[in-house]
Amino acid sequence: MKNVSTRRPTFLEALIPIVFLIIIISVSILKFGADPQIPLLIATIVAVLLGLKLGYKWDEMEEGMISTINSSMQAILIQMIIGIIIGTWILAGIVPAMIYYGLQILSPGIFLPSAAILCAIISVATGSAWTTAGTVGIALLGVGQGLGMPLPLVAGTIISGAYFGDKMSPLSDSTNLAAAVTEVKLFDHIGHMLKTTSVSFAIALVLYGIVGMKYSGSALDTAQINQLLDALKQHFYISPILLLPPILVVSIVVMKVPAVPGLLCGGILGGIFAMIFQKATLASVIIVSHYGFNSETGFEAMDSLLSRGGLDSMMYTVSLIIVAMCFGGVIEKIKVLEVIAEKLLIFTKTRGSLVLTTALSSIFCNFTMADQYLAIVVPGRMFRKSYEEKHLKLKNLSRVLEDSGTLTSSLVPWSTCGAFMMTTLGVHPFAYLPFAFLNLINPIISVIYGYTGFTMEKDDEIIEIEEKKIEEKKLVENL
């Protein structure tokens, strides 16, 4: 039962947990190198204290947290299954095969677009822009340097490809988080993102092709690439038949089979393929499914690329989702988001301005909270109601969050993503920023879609309900 003595926070009061979160996240991540979970938990405590001051009881706020966590349970299940898939697919040689055949597309005349496509393929396969940049990305930097290309240009190309794959992969934590926050089905979210991201990536590839023409006469130094190819061939059976499980999973998505059973089929197939083609034992399949694959070849690039996966590896993201949902549940329950959103609604009179405000808010969160996950969670909870009021399906919101929040995270030097890329690639984010074409173009395309209405799907159910209410009101008035 609702506590009748509660009151809405003032605008300044509503800012308290948000500003506190910005400060503690910034200090924890930038100064102490901490992960966002504990800072988020502390910010949740601050939000709870504000709720008590506003007259809310603990039971009410706890109910808000549990309700919000429940809404993300499907995403959490999917995350755990994806961890199993990654482990079994590496053990089966499926991911190594995707990397092996992806490396075959490199060509001196089209090195930049080829590098972007290669990074996209590997990032889709692994679900991680960080892993792609830290392994194949480093090799591509060496190749680009051998062709006489500026390092910021090559780094920007790697970033674009890696974040295309990270954003579009069902194995990606940010992709699952965006779907969870907005309560959108994972594959609906990915399919809707494809409408903006494919266009942005195509434009980026054309630009890379034009820029790369200057270096088309250079000789390609393939020593590092060949070393990785040889290592993959030496330690795995590589064959086109290993590409069948990914094709099957894509087919399942097209047939609109529910995500959980569909992905489970992918994991089971990975285990079967591991035993058939890599001569793995049932025990090793079970262990890898739980703890992930551990590559110990002695070749650092390959070991770093393939040592991942397993159900355990997803517990980091699961804990992040749960803690983020706790924070979001409390500030939503005590109407903090409602109060802040009302102020921002001044700038969201139209569909286009709503998309623009959402995108700018995600980018603002990246610059102030220094974490891409919060750039998805905070605006996601804040603008949900506004999208519903404008009769827009929530997958429009989830798409904008990724188009802006995920893709701009690597462009901020003090964010977790920007700091990682700067350390890994040895290029400052502000140096590669002008060449990270996808990351710059995608938010713009997303906003253009918002203003034109192109692919901005309406929620017919909400429209029908409101039309019925209007008809019923007219009938009552006529009586």
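Summarised in this report is the structure supplied together with it.

Rules of the game
Residues numbered from 1 in each chain as written. Predicted model: local features only at pLDDT ≥ 70, side-chain atom pairs only at ≥ 80, totals over all residues. Heavy atoms only, no water. Helix = DSSP H or I, 4+ residues; strand = E, 2+ residues; numbered from the N terminus. Buried < 20%, exposed > 50% of the residue type's maximum accessible area, 1.4 Å probe, protein only. Contact = heavy atoms within 4.5 Å. Areas by Shrake-Rupley, 256 points an atom, 1.4 Å probe, with all protein chains shown as cover. Core = buried A, V, L, I, M, F, W, Y, C linked by side-chain atoms within 4.5 Å. Axes fitted to C-alpha atoms, helices over the stretch in contact; angles between N-to-C directions. Left-handed = near helix turned anticlockwise from the far one by under 90°. Nonpolar A, V, L, I, M, F, W, Y, C, P; charged D, E, K, R; others polar. Arc of directions from axis to C-beta. Expected span 1.5 Å × (residues − 1). Phe/Tyr/Trp six-rings, centres within 6.5 Å; stacked < 30°, edge-to-face > 60°. Lys NZ or Arg CZ within 6 Å of the ring centre and 35° of its normal. Salt bridge = Lys/Arg side-chain N within 4 Å of Asp/Glu carboxyl O. Parallel < 35°, antiparallel > 145°, perpendicular 65-115°, else oblique.

Turning to the overall build of the protein, a few remarks are in order. Helices and strands together make up the secondary structure of the protein, namely 25 helices and zero strands. Here the protein holds 479 residues, and 56% of them are scored as buried. Restricting the contact set of the protein to residue pairs at least 6 apart, pairs at least 24 apart contribute 78%. For the protein, the exposed area adds up to about 19,800 Å²; of that, 67% sits on carbon and sulfur atoms.

Of all hydrophobic cores here, the largest spans 88 residues; its most connected members are Leu103, Phe111, Leu140 and Leu306. The next biggest cluster of nonpolar side chains, apart from the first, holds 57 residues, and it includes Leu50, Met325, Leu374 and Val378.

Summarising the element assignment, Tyr449 is placed in helix H24 (residues 437-452). Measuring from C-alpha to C-alpha, the distance between Tyr449 and Val355 comes to 8.7 Å, with 94 residues separating the pair along the chain. Once you skip the residues sitting within four places of it in the chain, Tyr449 turns out to touch Lys195, Thr196, Val199, Arg399, Phe454, Thr455 and Met456.

Moving on to the packing of helix H10 (residues 173-182) against helix H21 (residues 394-408). It is the contact of H10 with H21, at a shortest axis distance of 9 Å, that shows an interaxial angle of 140°. The way H10 lies across H21 gives a crossing that is right-handed. Residues Ser174, Thr175, Ala178 and Thr182 of H10 form the contact with H21, whose participating residues are Leu394, Leu397, Ser398, Leu401, Glu402 and Thr406. Looking at the contact of H10 with H21, its residues break down into four nonpolar, five polar and one charged.

The next subject is unusual backbone geometry. Phi at Lys279 is positive, roughly 55°, even though this residue is not glycine. Note on placement: Lys279 falls in the loop between helix H14 (259-277) and helix H15 (282-291). The class of Lys279 is exposed, set by a relative accessible area of 67%.

A word on H15. When we look at burial in H15, the residues that qualify are Val285, Val288 and Ser289. Mapping the buried residues of H15 onto a view down its axis gives an arc of 105°, with all of them on the same face. Across from the buried face of H15, at angles greater than 90 degrees, the exposed residues are Ile286 and Tyr291.

Now for H14. Here H14 spans 26 Å end to end across 19 residues, near enough to the 27 Å set by a 1.5 Å rise per residue. Inspection of H14 places Ala259, Gly262, Leu263, Gly266, Gly267, Gly270, Gly271, Phe273 and Ala274 among the buried residues, and these make up the whole buried set. Lys279 occupies a position one or two residues after H14 and carries a positive phi of about 55°.

On to the packing of aromatic side chains, then. By convention here, two paired aromatic rings are described through the distance between centres and the angle between planes. In total, this model carries seven aromatic pairs according to the counting rule given. A centroid spacing of 6.0 Å and a plane angle of 40° characterise the contact between Phe236 and Phe293, whose relative ring orientation is tilted. Of this pair, Phe236 sits in the loop between helix H12 (223-235) and helix H13 (244-254) while Phe293 sits in the loop between H15 and helix H16 (300-306), and the two are 57 residues apart along the sequence. Its relative accessible area of 15% is what places Phe293 among the buried residues. Judged by centre distance (5.9 Å) and plane angle (5°), the ring pair of Tyr237 and Phe277 falls under stacked. Placement of the pair is Tyr237 in the loop between H12 and H13 and Phe277 in helix H14, with a sequence separation of 40 residues. A relative accessible area of 41% means that Tyr237 is categorised as partly exposed. A network of ring pairs unites the aromatic residues Tyr237, Phe273 and Phe277 as a single cluster. Positioned over the ring face of Phe11 is Lys343, at 5.4 Å from the centre of the ring.

Now for the pattern of salt bridges. A side chain of one charge can pair with a side chain of the opposite charge when the charged atoms of the two come close. Per the stated rule, a full pass over the model turns up nine salt bridges. One salt bridge in this structure joins Lys167 and Asp403, with 2.7 Å as the shortest N-O distance. Taken as a pair, Lys167 in helix H9 (residues 151-168) and Asp403 in helix H21 lie far apart in primary sequence, 236 residues in all. Residue classification places Lys167 among the buried residues on the basis of a relative accessible area of 0%. Among the ionic pairs, Lys393 bridges to Glu457, the shortest N-O distance being 3.6 Å. One end of the pair, Lys393, is in the loop between helix H20 (372-389) and H21; the other, Glu457, is in the loop between H24 and helix H25 (460-478), with 64 residues separating them in the sequence.

Before going further, it helps to spend a moment on the packing of helix H1 (residues 11-31) against helix H2 (residues 37-53). Between H1 and H2, whose axes approach to 9 Å, the crossing angle comes to 165°. As far as their axial angle goes, H2 and H1 are roughly antiparallel. Relative to H2, the crossing made by H1 is right-handed. Contacts between H1 and H2 involve Glu13, Ile16, Pro17, Phe20, Leu21, Ile24, Ile25 and Ser28 from the former and Pro39, Leu40, Ile42, Ala43, Val46, Ala47, Leu50 and Lys53 from the latter. Class assignment of the residues belonging to the contact of H1 with H2 gives a composition of 13 nonpolar, one polar and two charged.

Structurally, Arg384 can be placed in helix H20. Once you skip the residues sitting within four places of it in the chain, Arg384 turns out to touch Val181, Thr182, Glu183, Leu394 and Leu397.

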